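Next come the chains, spelled out residue by residue.
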2 protein chains.
Amino acid sequence: MKLTKDTKILIIGLGVMGGSYAAALTRAGYRVRCITKIQADIDYATARGMIEYGTTEIDPGLIGGADLIVFAIYPGAFVEWAEKYGHLIRPGTLVTDVTGVKSDIVPRVQALLPCGVEFIAAHPMAGREKSGVEFSDPAVFHGANYIVTPTEKNTEEAIDLCCELGRVLGFYRISILTPAEHDRMIAFLSQLTHCIAVSLMNAESAGGLEKYTGDSFRDLTRIAKINDEMWSELFLRNRDALLSEMDAFEKEFHALRDMIANGEREKIREKMRRATAKRTLFDKPVI
Amino acid sequence: MKLTKDTKILIIGLGVMGGSYAAALTRAGYRVRCITKIQADIDYATARGMIEYGTTEIDPGLIGGADLIVFAIYPGAFVEWAEKYGHLIRPGTLVTDVTGVKSDIVPRVQALLPCGVEFIAAHPMAGREKSGVEFSDPAVFHGANYIVTPTEKNTEEAIDLCCELGRVLGFYRISILTPAEHDRMIAFLSQLTHCIAVSLMNAESAGGLEKYTGDSFRDLTRIAKINDEMWSELFLRNRDALLSEMDAFEKEFHALRDMIANGEREKIREKMRRATAKRTLFDKPVI
């Protein structure tokens, strides 16, 4: 299968991510249909020309007629969907997703889908703090990372097509990682940072400090505004990897705490110099 | 004493902060002179019209002739200067500073300066990641906070003049706090966040993750690029307040860790909702 302008694309779930996929693909000249729960979201997307057609029904004709299905729903809902309606997908169809955790999801979905239906997982790393189709914006893909996470069940052809989808969507860098590598990376770069921001925000006991805050505190806590339904699910579905990163951070933080308590200035400076050097690697590339 | 265009202002230390003060005050029509260690910094500032005159000498005439002296050097260096050269300051002169910690510094400097010389402490909360006069920019004061931290030794007149200086420099909000209140606030909003960023950066053990990073990780670790000489001094001079904030954060973080380990989803969601609500208070005001 190749991605062409005739490929019938079906998006399941028209939230902020499904909506951004729909808008990017429609703009690139592809035909996009969707199934989602709320009629108002379909009306919104249709009125703006983001989709060709949408329904709130589990329409067997629409599902069976799709060449490429993108699941843009929460991880648990995705597994449930595959269990209940997976049999409606025609052999030869390629299935992909946008799920933020992989080891807990990919093998289960691969086992649930009918013979001949290939599921190739992907994670578009372009989050937004807001949810809902009205916050869709394909511009968030520019400069962002798109990770394809194949297992030994996947074909080269499906991996290539999934990478091609990332390019069409406008991602800056397309990478391939195993589900386990992905989950470790996401535990450190994304989940741990959200745990830190939430804890820092909750640690403010005095009250009234917002009057004095500067940009660095704002930057550090921006992600403390968090979709609790989605993130609590992502944390728990990546529990082992996340706990391992949380423990490593706690150890570093506590070591610094003890250096401060003991007045060990040279050791503190060494930690700071090391952090400064490492952070330089993470500077934004000039695109 | 009133701040007028005839007030003879002397800045001690022409780094990024002293340079920004000099540029803002000169632009506002005040006469600014300076004493600093490196002749090249004076040449830089003179060539750009930031100062009227500068010297690397401890010039008794220049010091004795000043009406307002601003110390823009590291805290320890400031105390040392007051000890060695404080006697050169003429009674009636007002002294202020830019130091980021207060309880450890203010009473000591007040005790060291000659009778008749009033020291009124202030903290311009407009940090930059870069140091050196060539990174001076008075624009960083716009939208930023300026905190005056008087003790019972200070007069109303000096407090008023110090607030007036903050307005002339272009600060957005001028506040008055006791040194202890200031130090607790700065421990939470600034020092703790730097400890977190440094520890997070150092906790990355795998290597190579910069390829996958997104903006939220970059925002959270921007301040991990840190001037180790200055910040190690600030941490240790505010040790008790900082340790208390570090311990409170550690407790919150560990509680979240245990909820994740125990799969307590409702408790995790409650923490997230609380953080989201609190963070809203810290949104940047529209200026």
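Trainee: Even after reading the chapter, I still don't get the overall build of chain A, so can you show me in this structure?
Mentor: When you go through chain A residue by residue, the secondary structure sums to 11 helices and 9 strands. Overall size of chain A, expressed as C-alpha extent along the three principal axes, is 70 × 45 × 35 Å. Relative to its 287 residues, chain A shows a buried fraction of 56%. Residue pairs at least 24 apart in sequence account for 71% of intrachain contacts in chain A once pairs closer than 6 positions are excluded. Accessible surface computed for chain A: about 11700 Å², of which carbon and sulfur atoms make up 51%.

Trainee: I tried to follow the pattern of salt bridges on my own but got confused; where do I start?
Mentor: Where charged atoms from two side chains of opposite charge approach closely, those side chains can pair. What the rule picks out here adds up to 40 salt bridges over all chains. Here lysine 225 of chain A and aspartate 283 of chain B are joined by a salt bridge, their closest N and O atoms 2.8 Å apart. Residue lysine 225 of chain A is located in the loop between helix H8 (215-221) and helix H9 (228-237), and its partner aspartate 283 of chain B is located in the segment after helix H11 (265-281); the two belong to separate chains. According to the relative accessible area criterion, lysine 225 of chain A is partly exposed, its value standing at 26%. Here aspartate 283 of chain B falls in the partly exposed class, since its relative accessible area comes to 34%. It is possible to trace a salt-bridge network through shared partners that takes in Asp228 of chain A together with Glu266, Arg269, Glu270 and Arg273 of chain B.

Trainee: What's the story with the relation of the copies chain B and chain A in this structure? I'm lost.
Mentor: In this arrangement, two copies of a chain are superimposed by a rotation about an axis accompanied by a shift along the axis. With an RMSD of 0.0 Å, chain B superimposes on chain A once it is rotated by 180° and translated 0.0 Å along the axis. The transformation just described matches what one would write down for a two-fold rotation axis. For chain B, the minimum C-alpha distance to the rotation axis belongs to leucine 220 of chain B and amounts to 2.2 Å. Taken as a fraction of all interface residues of chain B, those also at the interface in chain A reach 100%, which identifies the copy contact as same-surface.

Trainee: Would you take a moment to explain the interface of chain B and chain A for this structure?
Mentor: The figure often quoted for interface size is the accessible area lost as the parts come together. Taken together, the contact between chain B and chain A spans 81 residues of the former and 81 residues of the latter. When chain B packs against chain A, close to 8600 Å² is buried across both sides, 65% of that on carbon and sulfur atoms. At the boundary of chain B and chain A, one finds 12 salt bridges. One salt bridge connects arginine 257 of chain B with aspartate 247 of chain A, and the closest N-O pair in it is separated by 2.7 Å. Linking chain B with chain A are 45 residue pairs in polar contact (both at pLDDT 80 or more), by the criterion used here. Contributing elements (two or more residues each) for the side of chain B that touches chain A: strand S8 (145-148), strand S9 (173-176), helix H7 (179-203), helix H8 (215-221), helix H9 (228-237), helix H10 (239-261) and H11 of chain B. Per-class residue counts for the side of chain B that touches chain A are 39 nonpolar, 15 polar and 27 charged.

Rules behind the numbers
Residues numbered from 1 in each chain as written. Chains lettered and ligands numbered in written order. Predicted model: local features only at pLDDT ≥ 70, side-chain atom pairs only at ≥ 80, totals over all residues. Heavy atoms only, no water. Helix = DSSP H or I, 4+ residues; strand = E, 2+ residues; numbered from the N terminus. Buried < 20%, exposed > 50% of the residue type's maximum accessible area, 1.4 Å probe, protein only. Contact = heavy atoms within 4.5 Å. Areas by Shrake-Rupley, 256 points an atom, 1.4 Å probe, with all protein chains shown as cover. Salt bridge = Lys/Arg side-chain N within 4 Å of Asp/Glu carboxyl O. Least-squares fit on C-alpha atoms with pLDDT ≥ 70 in both. Buried area = accessible area lost by both parts, 1.4 Å probe. Polar contact = N/O pair within 3.5 Å; in protein donor to acceptor, adjacent residues only side chain to side chain. Nonpolar A, V, L, I, M, F, W, Y, C, P; charged D, E, K, R; others polar.

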